[in-house]
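Structural features, examined
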Amino acid sequence: MEASEDGKIKVTVNGPYLVSGALPLARQTIVADDDGESVAWSEGERYHQHPHYALCRCGASHTKPFCDGSHMSAAFDGTETAVRAPYDELAEDIVGPDLILRDEVVLCADARFCHRAGGAWNLVKQEGEEAVETVRAEAELCPSGRYTAIDRETGERHEPDLPLSVGIVADPHEGVAGPLWVRGGVPVESADGHVYEVRNRVTLCRCGGSSNKPFCDGTHLEAGFHDDE
Ligand code: FES
């Protein structure tokens, strides 16, 4: 089954994410190196592809990543609080000699790819091919799109090539489960019908604890969120 270009994710009032368009669903695991730094993604279990499915948003389902109706008994408050403005308006630029590192900290899902080699926010200020390549790689691995690397001379944005799909993030180094990684430019529509800016990569909260719903803000780490009960 092909993923449909019409695929989208609908946020429901205090309920799950309704996914349509046969978007492929798979585990996506953050791979850490021997120093514990996040360095790569590893795709794991692929779920059977359905035209429509409902993913847990409250964190309480017994059949994660799918919704089982537990948001009702949990009295989940899924009020969406994210600012409805484009990324470029909200983000700040860290300007280096070769690259601009655009940064919207509120979107941070704490996947930590930007920490390696001294931190993308420091490296971007350095000259040289190695620093440029590292900043680009770190920005492209960022699942939430908090960071974007932009070529200063040409204005080109370096974006990873991501298929239309949804990832269920696992973070074994921290011993937690993470957000939904929405990839390839899937529209996300709020419960009241607003379509958030369509981006190549965003992360949606599925632990129920984010203060920036529907987006992940890294709270799943402090909350020790797990996929199992
Ligand atoms: S999954 Fe990251 S804050 Fe909920």
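Preceding this section is the structure that the text describes.
Because the structure is a prediction, the values reported are computed rather than measured. (Residues numbered from 1 in each chain as written. Predicted model: local features only at pLDDT ≥ 70, side-chain atom pairs only at ≥ 80, totals over all residues. Heavy atoms only, no water.)

Looking only at helices and strands, the protein has five helices and 13 strands in total. Scaling as 2.2 N^0.38, a compact globule of 229 residues should have a C-alpha radius of gyration of about 17 Å, and the protein matches this with 17 Å. Principal-axis analysis of the C-alpha atoms places the extent of the protein at approximately 55 × 40 × 35 Å. Across the 229 residues of the protein, 50% fall into the buried class. Pairs at least 24 residues apart make up 60% of the contacts formed inside the protein by residues separated by at least 6 positions. Distance between charge centres in the protein, computed from 20 positive and 41 negative side chains, equals 4 Å. (Helix = DSSP H or I, 4+ residues; strand = E, 2+ residues; numbered from the N terminus. Rg over C-alpha atoms; globule rule 2.2 N^0.38 Å. Buried < 20%, exposed > 50% of the residue type's maximum accessible area, 1.4 Å probe, protein only. Contact = heavy atoms within 4.5 Å. Lys, Arg positive; Asp, Glu negative; His and termini not counted. Charge placed at Lys NZ, Arg CZ, Asp CG, Glu CD.)

Pairing is mixed in the open sheet, where four strands are placed in the order β5-β2-β1-β12. Each end of this open sheet is capped by a strand with a single partner; those strands are β5 (52-55) and β12 (188-189). Inspection of the sheet shows strand β2 (residues 17-20) paired to β5 by four bridges, in the antiparallel sense. Bridge pairing in β5 links Val19 to Tyr53. (Pairing = 2+ DSSP bridges.)

Bringing the state of the cysteines into the picture now. The tally for this structure, following the rule as stated, stands at zero disulfides. Between Cys56, a cysteine without a disulfide, and Cys58, which holds the nearest cysteine sulfur, the sulfur-to-sulfur distance is 3.9 Å. Relative accessible area serves as the criterion here: at 5%, Cys56 is assigned to the buried category. (Disulfide = S-S within 2.5 Å.)

Moving on, we get to the pairing of strand β11 (residues 176-183). Side chains on a regular strand alternate between the two faces of the sheet. Burial within β11 is extensive, with eight of its eight residues counted as buried. Note that strand β10 (residues 165-171) and β11 share six bridges and pair antiparallel. What sits directly across from Gly167, in β11, is Trp181. With antiparallel pairing between neighbouring strands as the criterion, β10 and β11 make up a hairpin whose turn holds four residues, including Gly175 at a positive phi of roughly 70 degrees. As paired strands, β11 and strand β13 (residues 201-204) are joined by four bridges and run antiparallel to one another. Within the sheet, the bridge partner assigned to Trp181 lies in β13 and is Thr203.

This brings us to the layout of surface pockets. Computed from the structure, the largest pocket encloses a volume of approximately 300 Å³. Elements with a contribution of two residues or more to the lining of the largest pocket: α2 (87-90) and β13. Grouping the amino acids of the lining of the largest pocket by side-chain chemistry returns twelve nonpolar, four polar and four charged. Structurally, the lining of the largest pocket is a two-domain feature, drawing no fewer than three residues from each of domain 1 (8-82 + 164-223) and domain 2 (87-158). In this structure, the second largest pocket spans a volume of roughly 170 Å³. Lining the second largest pocket are 14 residues, with Pro24, Ala26, Glu43, Arg46 and Ser165 positioned closest to its centre. At the level of secondary structure, the elements contributing two or more residues to the lining of the second largest pocket comprise β3 (25-32), β4 (38-46) and β10. Residue classes in the lining of the second largest pocket are distributed as seven nonpolar, four polar and three charged. (1 Å grid on protein atoms, 1.4 Å probe; cavity = no way out; pocket = protein on both sides within 12 Å on 5 of 7 lines; lining within 4 Å. Points joined across faces, edges and corners; volume = space filled by probe spheres on them. Nonpolar A, V, L, I, M, F, W, Y, C, P; charged D, E, K, R; others polar. Domains from an automatic or database assignment.)

Time to look at the nonpolar core. Counting 28 residues, the largest nonpolar core has Ile9, Tyr17, Leu55, Val166 and Leu204 as its most contacted members. Taken together, the elements giving at least two residues each to this core come down to β1 (8-11), β2, β5, β10, β11 and β13. Take this core: its biggest share by element is three residues, from β11. Inspection of this core shows a minimum of three residues originating in each of domain 1 (8-82 + 164-223) and domain 2 (87-158). When sequence neighbours within four positions are dropped, the list of residues in contact with Ile9 reads Tyr17, Leu18, Val19, Val166, Val182, Val186, Pro187, Val188, Glu189 and Leu204. Listed in part, the 13 residues of the second largest apolar core include Cys114, Ala131, Val132 and Val135. (Core = buried A, V, L, I, M, F, W, Y, C linked by side-chain atoms within 4.5 Å.)

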